Amino acid sequence: SLRMALRTLNRMNLVQSVRGSGITVMDYRRHAGLDFLAAIFDIPQLELGSRIKLEGLQAFNALIPGLLFETLKGPLDAALVMQVRDHLIEQVRIIEEGPLTGERLDKLASIELALQDLLLYRGSVISELMANSTLSLRSRIMRELFEVIDIRAHVMFQQQLLLDIGSGRLALDQVVGFFHRYSIEWTTPLIEKYQREDIPPRLLESPLNGFQHMAKAAVL
């Protein structure tokens, strides 16, 4: 198990093994890649902390408008427009069902991620790998975002944006700046929340607990 763990860490460029010199722990910021992000984000016992979530939110605020531009610069994909419209209609339906319980917020956040993925999964290998590696982080951030914003106003904005782009009222060269400004505006409540909280990353419990329970069950 130890050898397998070291090989995994070595493959992620988190450690470097040199025969006769032992093992050196590397600076993950300089050497690790998307596989490290995916491994970290998928640990359910890990509280990521407000700083990494803030950095993730700000990174996607910068990335998504550019992906929107790449999607719109060619002929408008009618199938894509229909998918976006259907997702927005479903969000409105959930909002109008009644009070926004935890279950409804989960559904709304899940649909918002699906809308985001329509931009991320558009043929670019890099953006698709980033989408895969950051899915868990994006899920956590989106769920927390939907607890602090006016969801109805956000959905209405996206519906109007779709209409403005389709009708030509909003020119393509204006879309990126317009949507970027809006992205910063609608995520500001969560950005300010992360800045106020300043929660450090920490393990809520050992990731090995699950393996220990499985081992005991296997013995029994």
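Conventions we followed
- Residues numbered from 1 in each chain as written.
- Predicted model: local features only at pLDDT ≥ 70, side-chain atom pairs only at ≥ 80, totals over all residues.
- Heavy atoms only, no water.
- Helix = DSSP H or I, 4+ residues; strand = E, 2+ residues; numbered from the N terminus.
- Core = buried A, V, L, I, M, F, W, Y, C linked by side-chain atoms within 4.5 Å.
- Buried < 20%, exposed > 50% of the residue type's maximum accessible area, 1.4 Å probe, protein only.
- Salt bridge = Lys/Arg side-chain N within 4 Å of Asp/Glu carboxyl O.
- Axes fitted to C-alpha atoms, helices over the stretch in contact; angles between N-to-C directions.
- Parallel < 35°, antiparallel > 145°, perpendicular 65-115°, else oblique.
- Left-handed = near helix turned anticlockwise from the far one by under 90°.
- Contact = heavy atoms within 4.5 Å.
- Nonpolar A, V, L, I, M, F, W, Y, C, P; charged D, E, K, R; others polar.

(A) Just the environment of Leu 163, in detail. Tracing the backbone through its elements, the reader meets Leu 163 in helix α9 (residues 151-167). In this structure the C-alpha to C-alpha distance between Leu 163 and Arg 85, which are 78 residues apart in sequence, comes to 9.8 Å.

(B) Expanded view of unusual backbone geometry. Notably, Asn 13 is not glycine yet its phi reads approximately 65°, a positive angle. Among the secondary structure elements, Asn 13 is positioned in the loop between α1 (2-11) and β1 (15-18).

(C) Inspection of the nonpolar core at higher detail. With 45 residues, the main nonpolar core has Ile 64, Met 142, Leu 145, Phe 146, Ile 151 and Trp 186 as its most contacted residues. If you list the elements that add at least two residues to this core, you get α4 (50-72), α5 (78-97), α6 (102-120), α8 (135-145), α9 and α10 (172-197). If one sorts the elements of this core by residue count, α6 sits on top with nine residues.

(D) Broad picture of the pattern of salt bridges. Counted by the stated rule, this structure contains 13 salt bridges. Linking Glu 144 and Lys 53 is a salt bridge whose minimum nitrogen-to-oxygen distance equals 3.0 Å. In this pair, Glu 144 sits in helix α8 while Lys 53 sits in helix α4, placing the two residues 91 residues apart along the sequence. When the shortest N-O distance is used, the salt bridge between Arg 93 and Glu 90 registers 2.6 Å. Taken as a pair, Arg 93 and Glu 90 lie in helix α5 at a separation of three residues, close to a single helical turn. Taking relative accessible area as the criterion, Glu 90 reaches 29% and is therefore assigned partly exposed. A cluster of three or more residues bridged by salt bridges with shared partners is formed by Glu 90, Arg 93, Glu 97 and Arg 104.

(E) Focus on the packing of α5 against α6. Following both chains from N to C, one finds α5 and α6 inclined at 165°, their axes separated by 10 Å at the closest point. When the interaxial angle is binned, α5 and α6 end up roughly antiparallel. Both α5 and α6 take part in a crossing whose hand is left-handed. Between α5 and α6, the contacting residues are Leu 80, Gln 83, Val 84, His 87, Leu 88, Glu 90, Gln 91, Ile 94, Ile 95 and Glu 97 on the first element and Arg 104, Lys 107, Leu 108, Ile 111, Glu 112, Ala 114, Leu 115 and Leu 118 on the second. For the contact of α5 with α6, the per-class residue count stands at ten nonpolar, three polar and five charged.

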